[in-house]
Amino acid sequence: MSYDNFNILRSTAVPMPIENVDTDQIIPARFLKATERKGFGDNLFRDWRYNNDNTPKKDFILNNPVYSGKILVGGKNFGSGSSREHAAWAIYDYGFRCVVSSFFADIFKNNAINVGILPVQVSEMFLDKIFTAIESDPGTELEVNLPEQTITILATKEKESFDINGYKKNNLLNGYDDIDYLQSMKADIRSFATVSLY
Amino acid sequence: MSNNPTTLFDKVWNAHVVRKIEDGPDVLFIDRHFIHEVTSPVAFLGLEKRGLSVIFPERTFATADHNTPTLNQHLPVNDPLSANQLKALEANSGKYGISHWGLGNPKNGIVHVVGPENGITQPGMTIVCGDSHTSTHGAFGCIAFGIGTSEVEMVLSSQCIMQPKAKKMRISVNGSLGKGITPKDVILYIISRLTAAGATGYFVEYAGDVFENMSMEGRMTVCNMSIEMGARGGMIAPDEKTFSYIKGKEKAPEGEAWDKALAYWKTLKTDENAVFDKEYHFDAKDIEPMITYGTNPGMGMGITRQIPTADEAGGGKASFEKSLNYMGFHEKEKMLGKKVDYVFIGSCTNGRIEDFRAFASIIKGHKKADHVTAWIVPGSHLVEQQIREEGILDLLLEAGFQLRQPGCSACLAMNDDKIPAGKYAVSTSNRNFEGRQGPGARTMLASPLVAAAAAITGVVTDPRELMN
Ligand code: SF4
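Residues numbered from 1 in each chain as written. Chains lettered and ligands numbered in written order. Predicted model: local features only at pLDDT ≥ 70, side-chain atom pairs only at ≥ 80, totals over all residues. Heavy atoms only, no water.

Q: Would you mind going over the overall build of chain B with me for this structure?
A: When you go through chain B residue by residue, the secondary structure sums to 17 helices and 18 strands. At 21 Å, chain B has a C-alpha radius of gyration in line with the 23 Å of a compact globule built from 468 residues. Once the C-alpha set of chain B is aligned to its principal axes, its extents read approximately 55 × 55 × 45 Å. The contacts in chain B between residues at least 6 apart in sequence include a share of 75% that link residues at least 24 apart. Of the roughly 16000 Å² of accessible surface on chain B, a fraction of 49% belongs to carbon and sulfur atoms. (Helix = DSSP H or I, 4+ residues; strand = E, 2+ residues; numbered from the N terminus. Rg over C-alpha atoms; globule rule 2.2 N^0.38 Å. Contact = heavy atoms within 4.5 Å. Areas by Shrake-Rupley, 256 points an atom, 1.4 Å probe, with all protein chains shown as cover.)

Here it is as structure tokens:
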């Protein structure tokens, strides 16, 4: 168990209506040099967030005190590009527990769940509704209910359900991960290896 | 099996499922695991924290590539953080008995170049690495894909990962490619047609005579960039070309083991009538030399055309404008004639001997443009050696170029090879994301031929004009 379990999350959200946010933007390569998982939250969206002289860029959403919360709402195809799990660590370490988008890149989605972030995929229409709701009131709260697999805009009660497979859901609910599971089936793996062709 | 036709992907996947979890992922056995200095240290720390060990160290191979310098590799690495990661890789490999090709080792090079060239990569295998371009190995009929660091820890500790089976896509390209059209152009063309997210959720098989006629190097270039359209991976059915590429390589099977392996490898193809979840067909004659104009690999176009408008390109207008703005380009402009400051040839996409042969074929008899800085970086020491042996180095030097030492280099700019902010680079690598080649760098992805043409003219140039 390596992260806090996830059940029902009620929070305001940070909107980032940009498409194809790739993992090089989430955490640029030059910050991948650590040999420990520490301090990644500080460099989340580094080049969008800070000028060259390390002063915050005023127009970037994370620097706008009006927006905060544990939910990040991104445009379509969130997390594309490099497989770096550091991107998911940076998001988690910054304080987000859930990312909402209308479409996620595969590896990012997998990495997110593995580190305890819930990726919630909603329809384009619902995503627009969320963006509109936050735009008109940055205090808009969302409720992400993992047991029921729903996301609700609390002010308007608009609700949509999302998919997650039963096994991964159970992991997140309990704070387990795949390594725990795989350790429990080592005997099977060893006997599989003996008949492996390679 | 004739009444239940299956795809190449099904065959390889199904042969590796240790357990199926209901309403969950498959537990998939991994034959070969590559690690490098950037995405493995935290995985090893994780093992230690849990008190676990490496279950089958002989199935994992370590090489240092992502942040190694490309000059003076015999000297200590300057950047203390990079040096630290390189040391960690060496120490972890030593501790668990994993073979390690570090800096200075004659086998060192980019992980996706050294795997195949040493015969580690073989048809029908499952191969993973904490690097999204692991899809390269699919060129041999493998299921190969990139994983995150948690999964690196899984593979180290259990030789398995847990993933749902991807959907299946087949992309067929038939016909013959015109003069100056390389495998890189084929894949950039496909990605431009499908978009950067067009294959998300799918595993792709490339089929048709364009791929059948392609060299193994070319197939690797194509499979390498599968991830750039969101695919989990890409693969090409192995054939005689594949087998003869592998035969005699250091880690290839020999004698009886070879015969047995070969007999199995020959069964690795998609049955007639097998069904894919999605199919695309393209015609080779529609493909031109390609170049990208935006900040994701889907934003590519034929080099003689003009940059599309946001409407023509589809997708969100705001994101499109942000992208052109970053590049300093405008809708409806031509790319031909645009000034180029840097040229990079290398990476796991185009850092193999064939790529340097192609590059040399264009620059022969010309000189590097004065204002262009060119970084020529072989994918491995073996490639470097071939460049010398084939006389390509002499040709490069004559034209005013220099050769660097192997590594990922400006592909992701983790070492000193960073394109300065605002500068334009024609690059044979695989990603044109904002800042990928250095903060503020502007990347145009293209083939080695287009890169060579730009290097001698100093502007975006159609390489066909320089070919006899
Ligand atoms: S060359 Fe580039 S894409 Fe390939 S492994 Fe290195 S960093 Fe990754």
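Q: What is the right way to read the interface of chain A and chain B from this model?
A: A common way to express how large an interface is: the accessible area buried when the components associate. At the interface, 56 residues of chain A touch 73 residues of chain B. Summing the contributions of chain A and of chain B, the shared interface buries around 5200 Å²; its carbon and sulfur component is 60%. Linking chain A to chain B there are five salt bridges. For D177 of chain A, the salt bridge is made with R50 of chain B, and the minimal N-O distance between the two is 2.6 Å. (Buried area = accessible area lost by both parts, 1.4 Å probe. Salt bridge = Lys/Arg side-chain N within 4 Å of Asp/Glu carboxyl O.)

Q: Is there a simple way to explain the confidence of the model for chain B in this structure?
A: If pLDDT is low for a region, its predicted coordinates should not be looked at in detail. Mean pLDDT over chain B works out to 96, with 99% of the residues at or above the 70 mark. Prediction confidence for the complex, expressed as pTM and ipTM, is 0.94 and 0.89 respectively. (pLDDT = per-residue confidence, 0-100.)

Q: Please explain the pairing of strand β2 (residues 26-29) of chain B as it appears in this structure.
A: Regular strands show a simple pattern: their side chains alternate between the two faces of the sheet. Residues and elements named next belong to chain B. Here β2 shows a buried face lined by D26 and L28 and a second buried face lined by V27 and F29. Judged from the three bridges that link them, strand β1 (residues 17-20) and β2 form a sheet pairing that is antiparallel. Paired with V17 across the bridge in β2 is L28. Counting the residues between successive antiparallel strands, the hairpin from β1 to β2 contains five residues, one of them, D23, with a positive phi of roughly 50°. In the sheet, β2 pairs with strand β8 (residues 160-163) via four bridges, with the strands oriented antiparallel. Note that in β8 the partner of L28 across the bridge is I161. (Buried < 20%, exposed > 50% of the residue type's maximum accessible area, 1.4 Å probe, protein only. Pairing = 2+ DSSP bridges.)

Q: Sorry, what's going on with the site of the ligand here?
A: Residues and elements named next belong to chain B. What surrounds the ligand is the set H66, I110, H112, D131, H133, S347, C348, C408, C411, L412, N430 and R436. In this structure, the ligand is accommodated by the largest cavity. Classifying every residue of the shell around the ligand gives five nonpolar, five polar and two charged. When residues of the shell around the ligand are assigned to domains, at least three fall in each of domain 1 (8-164 + 240-263) and domain 3 (290-466). (Near = heavy atom within 4 Å. 1 Å grid on protein atoms, 1.4 Å probe; cavity = no way out; pocket = protein on both sides within 12 Å on 5 of 7 lines; lining within 4 Å. Sits in = over half its atoms within 2 Å of the grid points. Nonpolar A, V, L, I, M, F, W, Y, C, P; charged D, E, K, R; others polar. Domains from an automatic or database assignment.)

Q: I'm lost on the domain arrangement of chain B in this one. Help?
A: Residues and elements named next belong to chain B. For chain B, the assigned domains read domain 1 (8-164 + 240-263), domain 2 (167-239 + 269-286) and domain 3 (290-466). For domain 2 versus domain 3, the distance between C-alpha centres works out to 22 Å. Tallying the contact residues gives 20 residues for domain 2 and 23 residues for domain 3. Its largest share of buried area at the contact with domain 3, domain 2 owes to K184, L188 and E228, together 28% of the area lost on that side. Taken together, the connections running from domain 2 to domain 3 amount to one salt bridge. Here R431 and E228 are joined by a salt bridge, their closest N and O atoms 3.0 Å apart.

Q: It is not clear to me how the sheet that holds strand β3 (residues 98-101) of chain A should be interpreted in this structure. Could you clarify?
A: Backbone hydrogen bonds are what pair the strands of a sheet, in a parallel or an antiparallel way. Residues and elements named next belong to chain A. Spatial strand order, β4-β3-β2-β1-β5-β6-β7: seven strands in an open sheet with mixed pairing. Of all strands in the sheet, those with a lone pairing partner are β4 (118-121) and β7 (158-161), marking the two edges. Taken over all neighbouring pairs, the strand axes of this sheet differ in orientation by 30° on average, direction set aside. Bridge count for strand β2 (residues 71-74) against β3 is three bridges, and the pairing is parallel. If you follow I71 over to β3, its bridge partner there is C98. (Axes fitted to C-alpha atoms, helices over the stretch in contact; angles between N-to-C directions.)

Q: For this particular structure, what's the right way to read the packing of aromatic side chains?
A: Ring pairs (aromatic) are described by centroid distance and by the angle formed between their planes. Scanning all chains against the criterion turns up 26 aromatic pairs over all chains. Aromatic pair F45 of chain A and W48 of chain A: ring centres 5.8 Å apart, planes at 5°, arrangement stacked. On the basis of an interplanar angle of 10° and a centroid distance of 5.4 Å, the ring pair of F329 of chain B and Y424 of chain B is categorised as stacked. Placement of the pair is F329 of chain B in the loop between α12 (317-327) and β15 (342-345) and Y424 of chain B in strand β17 (residues 424-427), with a sequence separation of 95 residues. The buried category is assigned to Y424 of chain B, whose relative accessible area is 14%. (Phe/Tyr/Trp six-rings, centres within 6.5 Å; stacked < 30°, edge-to-face > 60°.)

Q: I would appreciate a short explanation of the packing of helix α3 (residues 86-94) of chain A against helix α4 (residues 106-115) of chain A in the present structure.
A: Between two packed helices, the angle of one axis relative to the other and the distance separating the axes together describe the packing. All names here are of chain A. Between α3 and α4, the least distance of the axes is 9 Å, while the angle of their chain directions is 45°. Taken together, the axes of α3 and α4 lie oblique to each other. Crossing of α3 over α4 shows right-handed handedness. Residue-level inspection shows A88, W89, I91 and Y92 of α3 in contact with α4, the latter providing F108, N111, A112 and V115. Its residues placed into classes, the contact of α3 with α4 shows seven nonpolar, one polar and no charged. (Parallel < 35°, antiparallel > 145°, perpendicular 65-115°, else oblique. Left-handed = near helix turned anticlockwise from the far one by under 90°.)

Q: Explain the sheet that holds β1 of chain B here, please?
A: Residue and element names in this part refer to chain B. With respect to topology, three strands assemble into an open sheet ordered β1-β2-β8, the strand pairing being antiparallel. Strands with a single pairing partner mark the edges of an open sheet, and in this sheet they are β1 and β8. The average undirected angle you get between the axes of adjacent strands in this sheet is 20°.

Q: Would you mind showing me how to read helix α8 (residues 186-194) of chain A here?
A: Each full turn of the α-helix corresponds to 3.6 residues, which orients residues three or four apart in the same direction. Along α8 of chain A, the residues classified as buried are I189, F192 and A193 of chain A. Angularly, the buried residues of α8 of chain A cover 100° about the axis, an arc narrow enough to put them on a single face. What points out from α8 of chain A, more than 90 degrees from its buried face, is the exposed set A187 and T194 of chain A. Check the buried side of α8 of chain A and you find it contacts α7 (178-183) of chain A together with β1, β2, α5 (149-158) and β8 of chain B. (Arc of directions from axis to C-beta.)

Q: Looking at this structure, how should I read empty space enclosed by the protein?
A: Empty space among the atoms can be located by rolling a probe the size of a water molecule over them. Applying the stated rule across the entire model yields five cavities of 30 Å³ or more. By volume, the largest cavity is sized at about 210 Å³. If you trace the largest cavity, you find 22 residues lining it, with H66, D131, H133, L412 and R436 of chain B closest to the centre. Class assignment for the residues of the lining of the largest cavity results in seven nonpolar, eleven polar and four charged. When residues of the lining of the largest cavity are sorted by domain, at least three fall in each of domain 1 (8-164 + 240-263) and domain 3 (290-466) of chain B. Each pocket or cavity is described by its volume, and for the second largest cavity that value is around 120 Å³. Residue lining of the second largest cavity: 15 residues in total, with S80 and G81 of chain A together with A196, I227 and G230 of chain B positioned closest to the centre. Classifying every residue of the lining of the second largest cavity gives six nonpolar, seven polar and two charged. Counting contributing residues, the lining of the second largest cavity receives three or more from each of domain 2 (167-239 + 269-286) and domain 3 (290-466) of chain B. (Points joined across faces, edges and corners; volume = space filled by probe spheres on them.)

Q: Is there a simple way to explain the packing of helix α2 (residues 41-50) of chain B against helix α3 (residues 80-96) of chain B in this structure?
A: All names here are of chain B. At a minimum axis distance of 10 Å, the contact between α2 and α3 shows a crossing angle of 45°. For the element pair α2 / α3, the angle class is oblique. Relative to α3, α2 is oriented so that their crossing is left-handed. Side by side, α2 and α3 meet where P41, F44, L47 and E48 of the first sit next to N92, K95 and Y96 of the second. Residue classes in the contact of α2 with α3 are distributed as four nonpolar, one polar and two charged.

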